[in-house]
Amino acid sequence: MVTNRVPEYLYRLGEFHPGRAVAFDDTIRAVDTPEALQARFPEALVRDLGSGSVLYPGFINAHVHLEFSANRATLRYGDFMEWLESVIEHRDELVDAADEETMAAACEEMLASGITAFGAISSFGADLAVCRRTPQRVVYFNELIGSNPAAADMLYGDFLRRVEESSESRPEERIVPAVAIHSPYATHPVLIRKALDLARLRNMPVSAHLLESSYEREWLEHGSGKFREFFLRFFKSAAPVSDIDHFLELFEGTPTLFVHCVHTTADERRRLADSGHSVAHCPRSNRLLGCGRLPIEEIRSPLALATDGYSSNWSMNLFDEMRAALMLHHRADPRILARRLLRCVTEDAATALKQEMGRIVPGAPADFAVVRLPHIPSRPEEIALHTILHTREAAETIIAGNSVRKS
Ligand code: BEZ
Ligand code: FE2
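In this text, all values refer to a predicted model and were calculated from it rather than measured experimentally.

### So, the side chain of serine 113
- By secondary structure assignment, the location of serine 113 is in the loop between helix H3 (100-112) and strand S7 (115-122).
- Apart from the residues within four sequence positions on either side, serine 113 is in contact with Phe59, Met316, Asn317, Leu318, Phe319 and Ala394.

This is the structure:
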């Protein structure tokens, strides 16, 4: 593309990318040697990022529940069913307590850790105002939940109203409306079909929780276990609304971000990859809710690493999440795993959210996380590992070419 516009900035990248620089305005214009870029864009403001700096694409947190940001020590950890019962018991008080200030603080915490985009699972629409105001890009997943077919019309109507509301955003609000199906156990297939038709029609990204706990697998396969007691107690029902195969069948032709997937079989993991689906991995949430470890070494789909919400985590910081993943997957070479994890919070998360971002290439949005390493790694192949080990906050977060936060 030929353009006369002058990039506002030209960043020299420092010792880790010797002789490289990036020119950008709101999008990335070119990546080349500083000399070539200065000749091409003589009016651009030149900045040296400085010693120990690494320029990453802005980090992407593909799965977060802002509406549960008030939880710190209310929900019960250790066992998924005990946690879910505690969610039902405390949901109203937690959602009421998550005022705009609380949710904005979670967005600010993400900004501080270099997160320039996130996927917000919205159960009630209570987080829309905050998502409109935050500088980050938001894929706003309007969630559809409800296993009782008698309530389907009412639930779908409410869902549709939230979809329309999130679709009315102005471009500068950077909100992409999207659809979240809660899960195979909590969303009736009648609702799923209607929502997926709408998602396809409007080209909206889709996400769904899948096989987070072993209880979910037992319920969907055999109609037994702790979910049976749960459904009898809270919903006076004793049969699952779907099985795993039929649930996945509904999503054929609609590439979806499936969240957790801890209790998938090897065949199901293969099927997810073959069908073009992505996977979100939330290691701290899985650990705290007693769900176990996702075998990421067997995931062939694009894999996003995400924090989940304060309902099952203690921070919305992706450096914390990457450190946890590094410890959880203890059989992997940490140097190789570190590089994969950084792809899981950048380009693979972007693929999972179906957004053009997550890479430093011409034409991509100028979203960056500047990391400043306190110690220069002796071996360049260990930069990713030391980024994860030694970083608590990004030195600077840049969205659409604007510096939105410095530490
Ligand atoms: C439901 O609305 O059917 C539901 C909600 C939470 C957990 C399980 C089911
Ligand atoms: Fe979730």
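### Some points on the coordination of the iron ion (ligand 2)
- Within the protein, His63 (NE2), His65 (NE2) and His209 (NE2) serve as the donor atoms for the iron ion (ligand 2), at 2.1 to 2.2 Å.
- Sequence spacing among the residues donating to the iron ion (ligand 2) works out to H-x1-H-x143-H. Residue histidine 63 is found in strand S6 (residues 59-64), and its partner histidine 209 is found in strand S10 (residues 206-210); the two are separated by 146 residues along the sequence. We note that histidine 63, like histidine 209, is buried.

### A few points about the sheet that holds strand S16 (residues 402-406)
- What the four strands build is an open sheet, ordered S5-S14-S15-S16; its pairing is antiparallel. Of all strands in the sheet, those with a lone pairing partner are strand S5 (53-57) and S16, marking the two edges. When strand polarity is set aside, the average angle formed by the axes of neighbouring strands in this sheet is 20 degrees.
- Pairing of strand S15 (residues 396-399) with S16, which is carried by four bridges, proceeds in the antiparallel orientation. In the strand pairing of S16, glutamate 396 is matched with lysine 406.

### Comments concerning empty space enclosed by the protein
- Taken as a whole and judged by the stated rule, the model has one cavity of 30 Å³ or more.
- Space inside the largest cavity adds up to approximately 60 Å³.
- If you trace the largest cavity, you find it lined by Pro57, Gly58, Ile60, Thr116, Met357, Gly358, Arg359, Ala364, Pro365 and Asp367.
- Considering only residue class, the lining of the largest cavity consists of five nonpolar, three polar and two charged.

### Some remarks on the pattern of salt bridges
- All told, the structure shown has 30 salt bridges when counted by the stated rule.
- With a closest N to O distance of 2.8 Å, aspartate 267 and arginine 270 form a salt bridge. Of this pair, aspartate 267 and arginine 270 both sit in helix H10 (residues 266-274), three residues apart, which is roughly one turn of that helix.
- Overall, the relative accessible area of 53% leaves aspartate 267 in the exposed class.
- Of the residues examined, arginine 270 reaches a relative accessible area of 48% and is grouped as partly exposed.
- Where salt bridges share partners, they join Arg132, Arg170, Glu172 and Glu173 into one cluster.

### Some thoughts on the environment of histidine 17
- If you trace the backbone, histidine 17 turns up in the loop between strand S1 (9-12) and strand S2 (21-24).
- Residue histidine 17 is classed as partly exposed on the basis of its relative accessible area of 32%.
- In this structure, the C-alpha to C-alpha distance between histidine 17 and proline 334, residues 317 residues apart in sequence, is 22 Å.

### Considering helix H12 (residues 318-328)
- Within H12, the full set of buried residues consists of Leu318, Phe319, Glu321, Met322, Arg323, Ala325 and Leu326.
- Where H12 starts, the residue carrying a side-chain oxygen 2.7 Å from the main-chain nitrogen of phenylalanine 319 turns out to be asparagine 317.

### Describing the domain arrangement of the chain
- The domain boundaries assigned to the chain delineate domain 1 (3-57 + 360-406) and domain 2 (59-353).
- Inter-centroid distance (C-alpha atoms) of domain 1 to domain 2 is 31 Å.
- When the area that domain 1 buries against domain 2 is broken down by residue, the three leading residues are Leu385, Ile388 and Ile399, summing to 30%.
- Applying the counting criterion to the domain 1 and domain 2 interface returns two salt bridges.
- Across the pair arginine 137 and aspartate 367 runs a salt bridge whose closest N-O atoms are separated by 2.6 Å.
- When residues of the side of domain 1 that touches domain 2 are traced back to their parent elements, those giving at least two are S5, strand S14 (368-372), helix H15 (383-390), S15 and S16.
- The dominant element in the side of domain 1 that touches domain 2, judged by the number of residues it contributes, is H15, at five residues.
- For the side of domain 1 that touches domain 2, the class distribution of residues is 15 nonpolar, three polar and six charged.

### Some points on the layout of surface pockets
- Of the volumes computed, that of the largest pocket is approximately 900 Å³.
- Lining the largest pocket are 37 residues, and of these Arg91, Glu143, Ile145, His182 and Ala186 sit closest to its centre.
- Elements supplying a minimum of two residues to the lining of the largest pocket: helix H2 (80-97), strand S8 (137-144), helix H5 (152-167) and helix H8 (226-235).
- No other element matches H2, which puts five residues into the lining of the largest pocket.
- Considered class by class, the residues forming the lining of the largest pocket number 19 nonpolar, twelve polar and six charged.
- Quantified by volume, the second largest pocket comes out at close to 470 Å³.
- What lines the second largest pocket is a set of 20 residues, and nearest its centre among them are His17, Val54, Leu55, Tyr56 and Pro57.
- Put simply, the parts of the chain that give the lining of the second largest pocket at least two residues each are S5, helix H13 (334-344) and H15.
- Here the element with the most residues in the lining of the second largest pocket is S5; it accounts for four residues.
- Looking at the lining of the second largest pocket residue by residue, the class counts come to twelve nonpolar, three polar and five charged.
- Of the residues that make up the lining of the second largest pocket, three or more belong to each of domain 1 (3-57 + 360-406) and domain 2 (59-353).

Criteria and cut-off values
Residues numbered from 1 in each chain as written. Chains lettered and ligands numbered in written order. Predicted model: local features only at pLDDT ≥ 70, side-chain atom pairs only at ≥ 80, totals over all residues. Heavy atoms only, no water. Helix = DSSP H or I, 4+ residues; strand = E, 2+ residues; numbered from the N terminus. Contact = heavy atoms within 4.5 Å. Donors = N, O, S within 2.8 Å, 3.2 Å for Na, K, Ca; no water. Buried < 20%, exposed > 50% of the residue type's maximum accessible area, 1.4 Å probe, protein only. Pairing = 2+ DSSP bridges. Axes fitted to C-alpha atoms, helices over the stretch in contact; angles between N-to-C directions. 1 Å grid on protein atoms, 1.4 Å probe; cavity = no way out; pocket = protein on both sides within 12 Å on 5 of 7 lines; lining within 4 Å. Points joined across faces, edges and corners; volume = space filled by probe spheres on them. Nonpolar A, V, L, I, M, F, W, Y, C, P; charged D, E, K, R; others polar. Salt bridge = Lys/Arg side-chain N within 4 Å of Asp/Glu carboxyl O. Polar contact = N/O pair within 3.5 Å; in protein donor to acceptor, adjacent residues only side chain to side chain. Domains from an automatic or database assignment. Buried area = accessible area lost by both parts, 1.4 Å probe.

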